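Breakdown of the fold
Given next are the chains, with one letter for each unit.
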Amino acid sequence: MENNGTLVIRSSHDVEQLALPVQRIVQELDHDLPVSDVLTMDQLLGKSTLDASFDATLLTAFAALSLLLAGVGLFGVLSYIVAQRTSEIGIRMALGAQREQVLWQVLLEGLRPALFGLAFGLAASVGAARLIRSMLYGTRPLDPAVFAAVAVALLLVAGLACMVPAWQASRLDPMRALRTE
């Protein structure tokens, strides 16, 4: 018959210093009872939550990858739009549009789909948070701080993805843009 028990000792001393004396005392009381896995409470908790921690790390990695891909996609689409509208931007600048106006126009044009996606994603995540309530640890399913952090991160990535094409559009030489047409 195998007996798998757990002995918990509370001490202000180092666990490694207590391991051998505890093993000797247990051996004196019962020779057939092995003592192994001398762990601190933090180590024991870490061991018991290892699977959930791995799942959370994997989920975070996939979320970061999807955020990166969304930023690259937004950058690509906006760069293509700016390239297609080079002559229009050149005409606007030739007629007196300031570089800042062109920059803000392209930037806002790129951020518009990001804002729509953010609104849709936040609404969908409220519903999804209720479904994955059992997987969440250390946070409420509808924690406003989490939603705010995600929204800020998404807007920062979208803003950075839109900045390069907007900057390129604002630095366009109107005469060169009109000649290429």
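These lines cover the structure that appears in this document, whether it is placed above or below. (Residues numbered from 1 in each chain as written. Predicted model: local features only at pLDDT ≥ 70, side-chain atom pairs only at ≥ 80, totals over all residues. Heavy atoms only, no water.)

Comments concerning the overall build of the protein
- Across its full length, the protein holds seven helices and zero strands.
- In sequence order, the secondary structure elements of the protein are arranged as α-α-α-α-α-α-α.
- The C-alpha radius of gyration of the protein comes to 29 Å, more than 25% above the 16 Å expected for a compact globule of 181 residues.
- Overall, the protein is about 95 × 35 × 30 Å in size when its C-alpha atoms are taken along their principal axes.
- In the protein, which comprises 181 residues, the proportion classed as buried is 20%. (Helix = DSSP H or I, 4+ residues; strand = E, 2+ residues; numbered from the N terminus. Rg over C-alpha atoms; globule rule 2.2 N^0.38 Å. Buried < 20%, exposed > 50% of the residue type's maximum accessible area, 1.4 Å probe, protein only.)

Considering the packing of helix H3 (residues 50–84) against helix H5 (residues 99–131)
- One can describe the packing of H3 onto H5 by two numbers: an axis separation of 11 Å at closest approach and a directional angle of 140 degrees. The angle between H3 and H5 falls in the class oblique. Seen from above, H3 lies across H5 with right-handed handedness. Across from Leu74, Leu78, Ile81 and Val82 in H3, the residues of H5 making contact are Val106, Glu109, Gly110, Pro113 and Ala114.
- Of the residues in the contact of H3 with H5, the class split is seven nonpolar, one polar and one charged. (Axes fitted to C-alpha atoms, helices over the stretch in contact; angles between N-to-C directions. Parallel < 35°, antiparallel > 145°, perpendicular 65-115°, else oblique. Left-handed = near helix turned anticlockwise from the far one by under 90°. Contact = heavy atoms within 4.5 Å. Nonpolar A, V, L, I, M, F, W, Y, C, P; charged D, E, K, R; others polar.)

Considerations on the nonpolar core
- Formed by 17 residues in total, the largest nonpolar core has its most connected members in Leu74, Ile89, Val102, Val106, Cys162 and Ala169.
- Sorting the residues of this core by element identifies H3, helix H4 (86–94), H5 and helix H6 (144–170) as the ones contributing at least two each.
- The element contributing the most residues to this core is H5, with six residues.
- The contact partners of isoleucine 89, leaving out residues within four places of it in the chain, are Val82, Val102, Ala169 and Leu172. (Core = buried A, V, L, I, M, F, W, Y, C linked by side-chain atoms within 4.5 Å.)

Concerning the pattern of salt bridges
- A full pass over the atoms with the stated rule returns three salt bridges.
- Between arginine 85 and glutamate 109 there is a salt bridge, with its nearest N and O atoms 2.5 Å apart. Within this pair, whereas arginine 85 is found in the loop between H3 and H4, its partner glutamate 109 is found in helix H5, the two being separated by 24 residues in sequence.
- You can call glutamate 109 partly exposed: its relative accessible area is 23%.
- Residue glutamate 88 is joined to arginine 92 by a salt bridge in which the shortest nitrogen-to-oxygen separation is 3.1 Å. Pair noted here: glutamate 88 and arginine 92 are both in helix H4, with a separation of four residues, about one helical turn.
- Residue classification places glutamate 88 among the partly exposed residues on the basis of a relative accessible area of 27%. (Salt bridge = Lys/Arg side-chain N within 4 Å of Asp/Glu carboxyl O.)

What about H6?
- An ideal rise of 1.5 Å per residue puts 39 Å on 27 residues; H6 measures up with 37 Å between its terminal C-alpha atoms.
- Within H6, the axis deviates most sharply at methionine 163, by approximately 30 degrees, and proline proline 165 lies no more than four positions further along.
- When H6 is considered as a whole, its buried residues turn out to be Phe147, Ala151, Ala158, Gly159, Ala161, Cys162, Pro165, Ala166, Ala169 and Ser170.
- Next to the buried residues of H6 lie H3, H4 and H5. (Expected span 1.5 Å × (residues − 1). Bend = angle between axes of the 7 residues up to and from the residue.)

Regarding the packing of H3 against H6
- Where H3 contacts H6, the two axes come as close as 9 Å, and the packing angle between them is 25 degrees. Here H3 is positioned roughly parallel relative to H6, judged by the angle of their axes. In this structure, H3 crosses over H6, and the sense of that crossing is right-handed. Contacts between H3 and H6 involve Leu67, Gly71, Leu74, Phe75, Leu78, Ser79 and Val82 on the former and, on the latter, Leu154, Val157, Ala158, Ala161, Cys162, Val164, Pro165 and Ala169.

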